[in-house]
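# Structural characterization, general
So the chains spell out like this:
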Amino acid sequence: MELRQLRYFVCIVEEGGFTRAAERLHLAQPGLSAQIRQLEKELGQALLDRSGRSVTPTEVGRAVLPYARAALAAAESVRQTVDAYTGLLRGRVTLGMVSGATGHPFDIAALLADFHDAHPSVEVALTEDTTERMRAALLAGELDIAVLGTAEEVPPPGVAFQTVIDVPLVATAAHGDPVLDHVRGTSVPLADLRDRPLICLPRGTGVRAALEHGCARAGFRPRVAFEAAAPHVLSRLAARGLGIAVLPAGEDGSPLGGQLRTLHIVRPEMRARVALAWQAGGPSSPAARALLDRLRAVVPKPPDSWTTA
């Protein structure tokens, strides 16, 4: 029995078939099938049921599966221990980022390039997703690190944060919008946005969560007429008179010149936060811990930022 055979077996179960497993493992399917047949012959039992549309583990296969995973984890731990003594980092790190975060004042591409130069044997996988899905992926161990939006002042159970951006939300409206008729000064009460068509980031983002929480505190539900993932699109929609854009301060469409008026939202004030997030116990692999340390050391911290670790 070889570790690679156990890895092949686990991969086939996870992918539900030989074809997808072979693609993931970068192997020819006949060679993969031959290795599994050899493993089954050695054990004297079939591990996989090939009779259905998808390949599933047999009763024996289900019993073997946790031990196969434990053996692979133990072998990886041996490698990581040796690497720690030699100063070599290798492996794979998964990093998630909320859509649009690359527009914030830190250069994630440059940070990852520097990390790769320092640790060329580490593969970094970067994906974009919503805050809600990335938070779930962190807790499930599918992501090592995430840059996500949050409406909370403290992190949820199981997650640790370091705030990167913390700015108030603003309302941006075209000149002539009725909400401006009663405005005196540079702020607008949140209650004045009741029943007004709003333009905001989609559900699952930190900004949208902050808006919905703030409106709930004010006693109403926001009437979101348009959604877009890019803040500059929200500003353009507002400039055409389609509604009031709710955005983080600093992303309120300044290139549109005099077409828009921006007001701070008060009573209550709502804030847009972007945070560096990881599992509360820390990433499991040395490579992920090294990348997290690098990110925490170089990403900017806003005034009065909070951190949990």
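Everything below is about the structure printed above this text.
The following paragraphs examine the structure supplied in this document. (Residues numbered from 1 in each chain as written. Predicted model: local features only at pLDDT ≥ 70, side-chain atom pairs only at ≥ 80, totals over all residues. Heavy atoms only, no water.)

### Re the pairing of strand 10 (residues 244-248)
- Counted residue by residue, strand 10 has 5 buried out of 5 residues, so it is predominantly covered.
- Here strand 6 (residues 159-174) pairs with strand 10 via 4 bridges, running antiparallel. Bridge pairing links alanine 171 to valine 246 in strand 10.
- In this structure, strand 8 (residues 198-200) lies alongside strand 10, joined through 2 bridges in parallel fashion. If you follow isoleucine 199 over to strand 10, its bridge partner there is alanine 245. (Buried < 20%, exposed > 50% of the residue type's maximum accessible area, 1.4 Å probe, protein only. Helix = DSSP H or I, 4+ residues; strand = E, 2+ residues; numbered from the N terminus. Pairing = 2+ DSSP bridges.)

### Focus: the nonpolar core
- If you look at the biggest cluster of nonpolar residues, it comprises 33 residues, and the most contacted ones within it are Leu169, Leu193 and Ile265.
- Among the elements of the structure, strand 6, strand 8, helix 7 (206-218), helix 8 (231-239), strand 10 and strand 11 (260-266) are those that each provide at least two residues to this core.
- Once you skip the residues sitting within four places of it in the chain, leucine 169 turns out to touch Val207, Ala210, Leu211, Val246, Leu247, Pro248, His264, Ile265, Met270, Arg271 and Ala272.
- Ranked by size, the runner-up nonpolar core spans 24 residues in total, among them Leu89, Leu95, Ile108 and Ala160. (Core = buried A, V, L, I, M, F, W, Y, C linked by side-chain atoms within 4.5 Å. Contact = heavy atoms within 4.5 Å.)

### Some remarks on the pattern of salt bridges
- Evaluation of the coordinates by the stated rule reveals 14 salt bridges.
- Of the charged contacts in the structure, one is a salt bridge between arginine 24 and glutamate 14, with a shortest N-O distance of 2.8 Å. Of this pair, arginine 24 sits in helix 2 (residues 18-25) while glutamate 14 sits in helix 1 (residues 3-15), and the two are 10 residues apart along the sequence.
- In this structure, the salt-bridge partner of aspartate 166 is arginine 271, at a minimum N-O distance of 2.6 Å. Of the two residues, aspartate 166 sits in strand 6 while arginine 271 sits in strand 12 (residues 271-279), which places them 105 residues apart along the sequence.
- Residue classification places aspartate 166 among the buried positions, given a relative accessible area of 16%.
- Of the residues examined, arginine 271 reaches a relative accessible area of 25% and is grouped as partly exposed.
- Linked by salt bridges that have partners in common, Glu14, Glu15, Arg24 and Arg69 make up one network. (Salt bridge = Lys/Arg side-chain N within 4 Å of Asp/Glu carboxyl O.)

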